[in-house]
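# Summary of structural features
Listed below, chain by chain, are the residues.
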Amino acid sequence: MKHIVIIGNGISGITAARHIRKRSNHKITIISGESEYFFSRTALMYVYMGHLKFDHTKPYENNFWKKNKIELVFDWVDKVESTTKSLTLRMKGTIQYDTLIIASGAKPNRFGWPGKDLKGVQGLYHKQDLELMEQNTKGVQHAVLVGGGLIGVEMAEMLLSRNISVTFLVRENAFWSNVLPLQEANLISRHIRSHHVDLRFENELKEIKGDSNGRVQSIVTKSGEEIACQFVGVTVGVSPNISFLKDSGIATARGVLVNEFLETNVPDVYALGDCAERTYELPGRRSIEQVWYTGRMMGEIVAQTICGTKTKYEPGPWFNSAKFFDIEYQTYGQVGNELKAHESEFYWEHSSGTKCVHVIWNTMTREFIGINTFGIRMRHEKFDTWLRAKKSVDFVIEHLAEANFDPEFFTRYEKEIMLQFNEKAVLAH
Amino acid sequence: MKLLKSFGLALFIIGFGLFNFSFFWASYQITPDVIHTQISDKKKSELLIHESSSMLNQQFNSNFKFVDELHSAFDRVNQSQVNAFGISAQELDQLVASNSEKFSIASVDSVFKGSDETAAFKQKAFRDYGSWLDGQPTQRAQLQQVADNIRQYGIVSQFGFDRYSIKDLTYSLTKASAISPVKNNPLLYLLLTIGLCVVGALIYIFPKLQLAPGIKNNGIFFNAMKNVKWLGILTGSWLIAFYVVLYFYPEYMTNWVLLVDPVSKMLSGNEAGRFFLYGFIYTLCILVMGVRMIINYRHSKYQILRTCSVMFFQTAFAFLIPEIMIRLNQPYFDFKNIWPLDYSFFFNNRLDTLLANGGLGIFMLVWGIALIIIGVPVFVYFFGKRWYCSWVCGCGGLAETLGDPYRQLSDKSVKAWKAERWIIHSVLVFAVVMTVGVLYTYFTNNSWVLFFDSYKLREIYGAFIGAGFAGVVGTGFYPLMGNRTWCRFGCPLAAYLGIIQRFKSRFRITTNGGQCISCGNCSTYCEMGIDVRWYAQRGQNIVRSSCVGCGVCSSVCPRGVLNLEVKEEDGRFGKPILIGNNHIELVE
Ligand SMILES: Cc1cc2nc3c(=O)[nH]c(=O)nc-3n(C[C@H](O)[C@H](O)[C@H](O)COP(=O)(O)OP(=O)(O)OC[C@H]3O[C@@H](n4cnc5c(N)ncnc54)[C@H](O)[C@@H]3O)c2cc1C
Ligand code: SF4
Ligand code: SF4
């Protein structure tokens, strides 16, 4: 029986622990300084908006861990010493491990803007950030958000739910256009504006100004405009949270470096989730993927490896989803923000301007490459199968109705989509 | 928008305030005329007039005092009748004396001599209640017991008022004795109370149309009404009080019933009863709050259709058609109510009414039975129990409309799930046993079944399950324990539908591959307290007997993970494995 210690009780660490427990009798300890119990980070916004209480974000009842013989330690790891296989905790002394899993997640980026440490300036990642935001937004009338990603739009929605008006500064020419093709980026931009967000493109933050109490008072943009505000949300991405690994002997670059078995350079030490950086290529994928699903998949894989079935981390076709105010988004396969040389595309948008489907395929082989869908739910299982089977785009369009996952009685658009697709195909020839 | 909402709220509060005020806003004066019209038995009415002489033609300003006095008048009638017809100690002595060793029932004729009513009653009663003593050794204690039983049961029901008729008469006499502005002008006050509430509520609700379509859960857990804070507790207390009065003390709410007399007369031609008032308010709640539900979920056609359906079934089937049946001199019948939710379906009075009403009555009987044995399993097989619970049923209808603001209050713990299975299946067993007993009594005329009295049992069921659980707890606890407390823990029909849904149905909630982010919206807003996320986050379909198919989990899921589906039975349960990851093997 080994003692397996996991740093971080996020989705990656927790998934690893649960699967190790299913497969073995090893002693498992999870250490985290953020919260006593596992909660869903993705649900933090709903707590602020009053949809949920914090307790609702916990996927397992508190007694689940004891029942499954998983020990929880509520503390910070300050230091890792891989030569002696020991961890130094901030309050509770040291812990010895046989196997270490680093699943310490990420932290919000902060660039060196003047005024970035003023009161009322913050990012959103941890539970503590949520608590801070609760304090920071008391009595606030106007807020400025900097950076145009998913957490940014969530923050906008959060602030609006409390009747705080929002100016949203985005460096690109449309919302999230570093990920989305322009058509979708525009659709979402329109939708965000329809919720009365003052969305400004190609605009960047230059400086944050404070009042005599050290509280934010206004911001100045690169174009020189000054906007009065009492809160600044900084959502310019996240980066691996690994500072405690300094001098541990574990190799890091931007993240903790891992091979295809999620092993680090040190034996018996693994890393996964938001903090891991792959040293090997996976076609079409970034070396650090900071999403819920990849963390979970890595957790499943590492558990198999540690329990004796050495397994490569080779995720299936990419998928992801999000929600922008009222519009749901799903993606399957690879849809880049710019069409590549060998790719063709078909874009359908509903007349309401709130639903669209964007399909990408290989021009030569007609192999289906990926799909973005907004306002229409699609079946993961179908696209997973079709992508693995390398189905043609014609097949996918023809069978699109099978992939529909909208509730009963919802209006269906497959016919319309197919007609338009065929029309364009004729035109193209 | 804000202004309009406040205006609506103000109207509602005024209407609701007046409604509560009208509860007390009457004085009462009982007259011989009133007594004669309410009690058809001339002898009894005369007796009551005699015993209530102290209160006759006197005006009471409090209904509590009035009801009190009335009760003592009934008591006095009963007491004087017991004195007149009861078997005295002397007579018992004589009985003992004339049966020195063994008791012979024939001896009663000689002890209770005479040709007057009293003697005849005593003879007959002693024969009815005491024939089992015939031939037994004479014991004074046993004879005494027979005499006591006669006092307690025989005399009171024959010459006085038993507790059932006291209950009914207190109510009808109070209603008929009321002197109140409401009585003189019921329509005006109906408009000023319930009418204002409806208009105010609608004005409060309609401005929501200005918000973009989409999930409207902002601020729910900060809300004093929706999060078991002061307003929720107050509302719950009011509802509980309302149900207690409705079921157990209707004589105090006669002024409210007067409000809807004109409506009832228009529909069925009869004066309103308390359950007409209840049905009227109930239907309005479903309609008004149904409008709210539709506006809130107008981005979902499933929710719109479903809400329209419950609004329709309540208004037409539960409220209008039964009243019209009565107008047409047909039995009162709710075509969509199904035993064992409709627990009195097999009660003798109802069977007799149906059987006495020719073709239509028989049709109703067959219809009711067909729903139980064919309708339920077939529809559940094809659609899941939702076809009833969240599309048709009246209790479900109220839960999905009036109760919608409270759906997040259901308990999701494993403990609650365990308790739920025990309680609801016990109620089902109770309902079946009670009904079998009632039917046995119906066919054999014997009320004693094995070790219980079927009358007693049905009375207990009616009070504890029918009124207490379904009413007081079921609805009164909306703001405290969520809107489906009855449906989840108590409803025997839900238990029956659920067993079929769990084991033989094409219905399931499909989980969309690996897309769940464990956010917990689905579990939080599941009114049945199902931990939907537990299944969704491991990629497994949700197949649970309690799921009423409201579809709200699917609506609130921000990642499009859940879908209510009807498909082939194969693969219904699904494997607990998330797709999207290669090389993963399933271990359970
Ligand atoms: C607001 C928000 C919304 C999101 N929404 C989505 C979404 O919709 N879909 C999606 O795919 N992804 C989403 N993400 C990203 C997703 O949540 C992350 O990718 C995922 O949570 C990463 O999981 P993890 O287990 O790797 O790390 P984490 O969840 O970050 O867990 C790591 C834990 O380790 C703790 N820790 C770190 N260092 C130490 C230490 N030295 N000692 C002790 N404990 C330590 C941290 O405090 C933390 O609790 C969202 C993220 C945020 C912030
Ligand atoms: S599981 Fe979903 S559909 Fe079923 S009762 Fe709960 S919320 Fe409604
Ligand atoms: S609401 Fe959707 S994403 Fe959230 S836990 Fe439920 S199924 Fe998962």
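Bear in mind that the values here come from a model prediction, so they are computed numbers and not experimental data. (Residues numbered from 1 in each chain as written. Chains lettered and ligands numbered in written order. Predicted model: local features only at pLDDT ≥ 70, side-chain atom pairs only at ≥ 80, totals over all residues. Heavy atoms only, no water.)

### With respect to the overall build of chain A
Scanning chain A for helices and strands turns up 11 helices and 25 strands. Rg of the C-alpha trace for chain A: 23 Å, near the compact-globule value of 22 Å for 429 residues, within the 12% margin. Dimensions of chain A along its principal axes, counting C-alpha atoms only, are 70 × 60 × 40 Å. Evaluated residue by residue, chain A yields a buried proportion of 59% over its 429 residues. Within chain A, counting contacts between residues at least 6 apart in sequence, those at least 24 apart form 60% of the total. About 17700 Å² of surface is accessible on chain A, with carbon and sulfur atoms providing 50% of the total. Charge centroids of chain A, computed over 52 positive and 51 negative side chains, lie 5 Å from each other. (Helix = DSSP H or I, 4+ residues; strand = E, 2+ residues; numbered from the N terminus. Rg over C-alpha atoms; globule rule 2.2 N^0.38 Å. Buried < 20%, exposed > 50% of the residue type's maximum accessible area, 1.4 Å probe, protein only. Contact = heavy atoms within 4.5 Å. Areas by Shrake-Rupley, 256 points an atom, 1.4 Å probe, with all protein chains shown as cover. Lys, Arg positive; Asp, Glu negative; His and termini not counted. Charge placed at Lys NZ, Arg CZ, Asp CG, Glu CD.)

### Looking at the pattern of salt bridges
All names here are of chain B. In this structure the tally under the stated criterion is 46 salt bridges over all chains. A salt bridge links R292 to D404; the shortest N-O distance between them is 2.9 Å. You can see R292 sitting in helix α15 (residues 274–296) and its partner D404 sitting in the loop between α20 (394–401) and α21 (414–444), a full 112 residues away along the chain. Given a relative accessible area of 9%, R292 falls into the buried group. When its relative accessible area of 6% is taken as the criterion, D404 is described as buried. For R484, the salt bridge goes to E527, with nearest N and O atoms at 3.3 Å. Of the two residues, R484 is situated in the loop between α23 (478–481) and α24 (485–490) and E527 in the loop between α26 (521–525) and α27 (532–536); the sequence distance between them amounts to 43 residues. Assigned by exposure class, R484 and E527 land together as buried. (Salt bridge = Lys/Arg side-chain N within 4 Å of Asp/Glu carboxyl O.)

### Side note on helix α9 (residues 163–177) of chain B
The end-to-end C-alpha distance of α9(B), which contains 15 residues, comes to 20 Å, matching closely the 21 Å that a straight helix rising 1.5 Å per residue would cover. Restricting attention to buried positions, one finds in α9(B) the residues B:I166, B:L169, B:T170, B:Y171, B:S172, B:L173, B:T174, B:K175 and B:S177. (Expected span 1.5 Å × (residues − 1).)

### Looking at the site of ligand 3
For ligand 3, the set of nearby residues contains 13 residues, the closest of which are B:C516, B:C519, B:G520, B:C522 and B:C557. Class assignment for the residues of the shell around ligand 3 results in 9 nonpolar, 3 polar and 1 charged. (Near = heavy atom within 4 Å. Nonpolar A, V, L, I, M, F, W, Y, C, P; charged D, E, K, R; others polar.)

### Brief notes about the interface of chain B and chain A
The partner chain A presents 60 residues to the 61 residues of chain B that form the contact. In total, about 4900 Å² of surface goes out of reach between chain B and chain A, with carbon and sulfur atoms giving 46% of it. Connecting chain B to chain A are 2 salt bridges. Ionic pairing is found between A:R379 and B:E565, a salt bridge with its closest N-O pair at 2.4 Å. At the surface where chain B touches chain A, the tally comes to 38 residue pairs in polar contact (both at pLDDT 80 or more). Every element with two or more residues in the side of chain B that touches chain A is listed here: α16 (301–327), β5 (507–511), α26, α27, α28 (552–556) and β6 (562–566) of chain B. Per-element accounting of the side of chain B that touches chain A gives the leading share, 5 residues, to β6(B). (Buried area = accessible area lost by both parts, 1.4 Å probe. Polar contact = N/O pair within 3.5 Å; in protein donor to acceptor, adjacent residues only side chain to side chain.)

### Some words on the packing of helix α12 (residues 230–248) of chain B against α15(B)
All names here are of chain B. Two elements in contact, α12 and α15, have axes separated by 10 Å at closest approach and are oriented at 145 degrees. Crossing geometry of α12 relative to α15 is assigned as left-handed. In this structure, α12 uses F242, Y243, L246 and Y247 to contact α15, whose residues at the interface are R274, F275 and Y278. Here the residues of the contact of α12 with α15 are counted per class, giving 6 nonpolar, no polar and 1 charged. (Axes fitted to C-alpha atoms, helices over the stretch in contact; angles between N-to-C directions. Left-handed = near helix turned anticlockwise from the far one by under 90°.)

### Observations concerning the domain arrangement of chain A
Note: interface size is frequently given as the accessible area lost on complex formation between the parts. Structurally, chain A comprises domain 1 (3–107 + 239–306), domain 2 (121–236) and domain 3 (328–428). Here the C-alpha centre of domain 3 of chain A lies 36 Å away from the C-alpha centre of domain 1 of chain A. (Domains from an automatic or database assignment.)

### A word on the domain arrangement of chain B
All names here are of chain B. Looking at chain B, the domain boundaries give domain 1 (2–16 + 190–349 + 384–409) and domain 2 (27–179). Between the C-alpha centres of domain 1 and domain 2 the distance comes to 43 Å. Counting residues at the interface gives 13 residues for domain 1 and 11 residues for domain 2. Taken together, the two surfaces of domain 1 and domain 2 that pack against each other cover about 1000 Å², and 59% of this comes from carbon and sulfur. Sorting the residues of domain 1 by area buried against domain 2 places E251, Y252 and T254 first, and these three jointly supply 62% of that buried surface. Seen at the junction of domain 1 and domain 2, the total is 3 salt bridges. K175 is paired through a salt bridge with D261; the nearest N and O atoms lie 3.2 Å apart. Counting across the domain 1 and domain 2 interface gives 6 residue pairs in polar contact (both at pLDDT 80 or more). In terms of residues, the side of domain 1 that touches domain 2 owes the most to one element, helix α13 (residues 254–259), which gives 3 residues. Counted by class, the side of domain 1 that touches domain 2 contains 7 nonpolar, 2 polar and 4 charged residues.

### Remarks on the packing of aromatic side chains
Applying the stated criterion to the full structure yields 79 aromatic pairs over all chains. Between the NZ or CZ atom of A:R278 and the centre of the ring of A:Y280, over which it lies, the distance is 5.5 Å. Sitting over the ring of B:W417, B:R544 keeps its end group 3.5 Å from the ring centre. (Phe/Tyr/Trp six-rings, centres within 6.5 Å; stacked < 30°, edge-to-face > 60°. Lys NZ or Arg CZ within 6 Å of the ring centre and 35° of its normal.)

### Here we look at the environment of B:I499
All names here are of chain B. Take I499: it is sitting in helix α25 (residues 492–503). With 466 residues separating them along the chain, I499 and D33 place their C-alpha atoms 56 Å apart. Residues contacting I499, with those up to four places away along its chain left out, are H425, L428 and S545.

### A short note on the pairing of strand β10 (residues 142–146) of chain A
Two faces, one strand: in a regular strand the side chains alternate between the faces of the sheet. Residues and elements named next belong to chain A. With 5 of 5 residues buried, β10 lies mostly within the body of the structure. Across the two faces of β10 the burial is the same, with H142, V144 and V146 and A143 and L145 all buried. Where the polypeptide runs from β10 across helix α5 (residues 150–161) and back to strand β11 (residues 165–169), its parallel neighbour, the crossover connection is right-handed. Examined bridge by bridge, β10 and strand β16 (residues 231–234) share 4 bridges and lie parallel to one another. In the sheet register, L145 faces β16, and the bridge partner there is G233. (Right-handed = clockwise from strand over helix to strand, strands pointing away. Pairing = 2+ DSSP bridges.)

### A few points about the sheet that holds strand β22 (residues 327–333) of chain A
Residues and elements named next belong to chain A. Spatial strand order, β21-β22-β25-β24-β23: 5 strands in an open sheet with antiparallel pairing. Looking at strand neighbours, the two that pair on one side only are β21 (319–324) and β23 (343–349), the edges of this open sheet. Put simply, the sheet's adjacent strands are angled 10 degrees from each other on average, direction ignored. Looking at chain direction, β23 and strand β24 (residues 356–362) are connected through 7 bridges and run antiparallel. Residue pairing across strands places E349 opposite C356, the latter belonging to β24.

### Describing the nonpolar core
By size, the foremost hydrophobic cluster in this structure holds 195 residues, and its most contacted members are A:V80, A:I102, A:F383 and B:L562. Ignoring anything within four residues of it in the chain, the contact list for A:I102 reads A:I7, A:F244, A:L245, A:I250, A:V256, A:V269, A:Y270, A:A271, A:L272 and A:C275. Counting 58 residues, the second largest nonpolar core, distinct from the first, contains B:V77, B:L169, B:Y252 and B:I286. (Core = buried A, V, L, I, M, F, W, Y, C linked by side-chain atoms within 4.5 Å.)

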